[in-house]
Every structure is written in C-alpha cells, then in structure tokens.
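Spelled out from the first residue to the last, the chains are:
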Amino acid sequence: MVRIVADSTCDLSPELIKRFNILILPLHVLLGEKEYKDGVNITLDELFKWSDDNKTTPKTSAPSVEDATSLFQPVIDAGDEIIAFSISQSMSTSGNVMRIAAEEIEAEDRISVVDSKNLSTGIGLLVCKAAEMAQKNMSREDILKGIDELIPKVRASFVVDTLTYLHRGGRCSGAAAFAGSALKLHPRIEVVDGAMQVGKKYRGKYNRVVLEYAKDMEEAILKADSTRVFITFTGVAKEIEDAVREYIESLNKFDEICITHAGATVASHCGYGTLGVLFIAED
C-alpha cells in the first residue's frame, strides 16, 4: 500500500485529510521566542494579532528531521510505501528534511519525496490526485509518473488585500507597500516554476477586486480538469467568499468546489484578506 504524506503547507481541510487518509507533517511557526506547529497549536487570529502587535512577520521553518522520522517510521514498519509532498524547494527546505528522514530510517527505496513546485492548495491538488491513485492500488512508480505530468499543469494564484505582510517579510519594498496602500492596489501573486511572482495589479475595493480576479480566469477554468477546484483564503468577509464560490458554481465546471483556510505558514507571509482560486489545467 502507498501512503500519501504532505507537509502542512498543502492547506487541506480536516475533511479532505480524513477522506484521503493523508498524513500531515507540520512546519514550524515562530512568534518571537515561542514556537508552534502549523495546523496543530496556533490559530490565524493568534498569528495576525502577534504580527500586528509586533509590526513584523512571524518566522517559519521546515519540520525537524525528528518530526519526519516519527511520522515515516510507523508507516514503513507496517510494510507500506510513502510518497511525500513538500512545498516548492525554492521556498523551504521541507523536502530536504523528508529525504534526510528517509535516509535516517534506511527507507530511501520505499519513500519518494516530491517537490510540488507549488504552495498551499496548489500542493493540495496534487496530494488529492495522488491519494485517489493510491486508493486505486496503483504502484508508487505509476503514481509518481502521473503526478510528474500534473505538476506543470497546476494553476495557483491569489490576490492580497494588503501589501503590509509581504513588505514585513521582505517580499515587497516599503515604497511599493505604501504606494499600493495609497492607490488601493491589490496584486495577483502567481506561482510559476516553483516561485512567486507578481502578475496583474488590481485597483479598487477588495470585494470587487476579488470577483474580478476570479472572472479573469474564466477561460482557463472552463478548460480545467473538472475534478475539483480550491478556493483558499486567510480570512475574508463571508460575503466575499460566497460571491467567489457562487461565481465558480455558475460555471458548472467542477465536480467538487473545496473551500479551505490557508494555514499559518502561508498566512504568515500573505497576511489577512488573501484569497486564491487554484485548479489543474486540462492540457
């Protein structure tokens, strides 16, 4: 049997994790001197309050090798194999930790680590696909081949309400953040070849911008893999979430629309009021 593991940046909901029998390896989040595990013992409300009170971005770090070996060992002892997904290696050493852990327990021949070249539910899309293949009793080699073909087809992007958090984390200059605030600019951040880059810059009220962002993807969405789409956010007004969901539903494209909250790792860098629509292109 092949078990699917993902680091916590996959941002999957508890329901999906349970449905697909996925094992999660948490990244670490540092709020000053205190260390937390993403998705385990910290909430986004706590994270944003600390960040605003201290005018800085929380630090995040990869899981420890000990965390990974503790997660892997029982699976290997049970006679199963593992495919483990990590956030893009350009963003974290999480994947390297997984590889070291496989060596530590002398199971390199039974554990495959996949660099998702993505983040958040861009990873989650791949994880769900791998889990579906595993449920069909496909071999580890065949699952890896299928995932390798899907990685470049993942379309992951999001639009931010404020540039403050990207500025605090060194991903946006102070001048750009000030100008963005003054001009009410909301950039679209896209994941391309495993790295984040700025795409279109929207201007205006955030509730209108988010819907415009979603509608800009209509042509691509209508050509997407129809299995599922993710709407993932760090905290937006319910009416904004509902408007985007209703728009995606109106396209009658997807079998499943998954609404998920981003975890503390992704939220640390993107901040409150971030929303993304993520899917897999058909070709």
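Here the residue numbering is sequential within each chain, running from 1 through the sequence in written order. Thresholds applied to this predicted model are a pLDDT of at least 70 for local features of residues and 80 or more for the giving and counting of side-chain atom pairs; totals over whole chains, interfaces and linings are not thresholded and use all residues. Side-chain numbers here rest on the full set of heavy atoms in the structure, without hydrogens or water.

1. Description of the overall build of the chain
(1) Moving on: Assigned secondary structure in the chain consists of 12 helices and 14 strands.
(2) Moving on: Computed over C-alpha atoms, the radius of gyration of the chain comes to 19 Å, within 12% of the 19 Å expected from 2.2 N^0.38 for 283 residues, which places it in the range of a compact globule.
(3) Moving on: Considering only C-alpha atoms, the chain reaches an extent of 55 × 50 × 30 Å along its principal axes.
(4) Moving on: Looking at the 283 residues of the chain, the share that counts as buried comes to 54%.
(5) Moving on: By definition, residues are in contact when any of their heavy atoms lie within 4.5 Å. Contacts in the chain between residues far apart in sequence, at least 24 positions, make up 76% of those at least 6 positions apart.
(6) Moving on: Surface accessibility follows the Shrake-Rupley procedure with a 1.4 Å probe radius. Residue values consider only the protein chains on display as shielding. In the form shown here, the chain has an accessible surface area of approximately 12900 Å², with 49% of it arising from carbon and sulfur atoms.
(7) Moving on: We score Asp and Glu as negative and Lys and Arg as positive, and we do not count His or the chain ends. In plain terms, the charge of a residue is placed at NZ if it is Lys, CZ if Arg, CG if Asp and CD if Glu. Distance between charge centres in the chain, computed from 32 positive and 43 negative side chains, equals 7 Å. Where helices and strands are cited, they refer to DSSP runs of H or I of at least four residues and of E of at least two residues respectively, numbered from the N terminus. Only C-alpha atoms enter the radius of gyration; for comparison, a globular chain is expected to reach 2.2 Å times N to the power 0.38, where N is the number of residues. Exposure is judged per residue with a 1.4 Å probe applied to protein chains only, and the accessible area is read against the type maximum: over 50% gives exposed, under 20% gives buried, and values in between give partly exposed.

2. Quick notes on the sheet that holds strand S4 (residues 34-37)
The strands making up a sheet associate through backbone hydrogen bonding, with each pair oriented either parallel or antiparallel.
(1) Moving on: Strands were regarded as paired on the criterion that DSSP finds at least two bridges between them. Strand order in this open sheet of 3 strands is S4-S3-S5, and the pairing throughout is antiparallel. With partners counted over all chains shown, the strands left at the sheet margins are S4 and strand S5 (59-61), one partner each. The average undirected angle you get between the axes of adjacent strands in this sheet is 25°.
(2) Moving on: Where strand S3 (residues 28-31) lies against S4, 4 bridges are found, and the strand directions are antiparallel. Bridge pairing links Val-29 to Tyr-36 in S4. Fitted lines through C-alpha atoms serve as axes, helices being fitted only where they are in contact, and the angles separating the N-to-C directions of these axes extend from 0 to 180 degrees.

3. Remarks on the sheet that holds strand S1 (residues 2-7)
(1) Moving on: Across the sheet, which stays open at both edges, the 4 strands sit in the order S2-S1-S6-S7 with parallel pairing between neighbours. Strands with a single pairing partner mark the edges of an open sheet, and in this sheet they are strand S2 (23-25) and strand S7 (111-115). Going across the sheet, the axis of each strand differs from the next one's by a mean of 25°, ignoring polarity.
(2) Moving on: Here S1 runs beside S2; their pairing, made up of 3 bridges, is parallel. What sits directly across from Val-5, in S2, is Leu-23.

4. Some thoughts on the nonpolar core
Nonpolar side chains in soluble globular proteins tend to be buried together.
(1) Moving on: One finds Ile-4, Leu-12, Phe-85, Val-127, Ile-143, Ile-147 and Phe-230 to be the most contacted residues of the largest nonpolar core, which totals 33 residues.
(2) Moving on: For this core, the elements supplying multiple residues, two or more each, are S1, strand S6 (81-86), helix H5 (121-135), helix H6 (140-150) and strand S14 (274-280).
(3) Moving on: When sequence neighbours within four positions are dropped, the list of residues in contact with Leu-12 reads Ile-17, Ile-22, Gly-124, Val-127, Cys-128 and Phe-230.
(4) Moving on: Ala-214, Met-217, Ala-224 and Ile-240 belong to the second largest nonpolar core, which has 23 residues in total. Buried residues of nine kinds, namely Ala, Val, Leu, Ile, Met, Phe, Trp, Tyr and Cys, make up a nonpolar core once their side-chain atoms join them within 4.5 Å.

5. A closer look at the environment of Ala-281
(1) Moving on: Positionally, Ala-281 belongs in the segment after S14.
(2) Moving on: On the basis of relative accessible area, Ala-281 is assigned to the buried category, the value being 12%.
(3) Moving on: Taking the C-alpha atoms as reference points, Ala-281 and Ala-224, separated by 57 residues in sequence, lie 4.3 Å from one another.
(4) Moving on: Apart from the residues lying within four places of it in its own chain, the contact partners of Ala-281 are Lys-153, Arg-155, Lys-223, Ala-224 and Asp-225.

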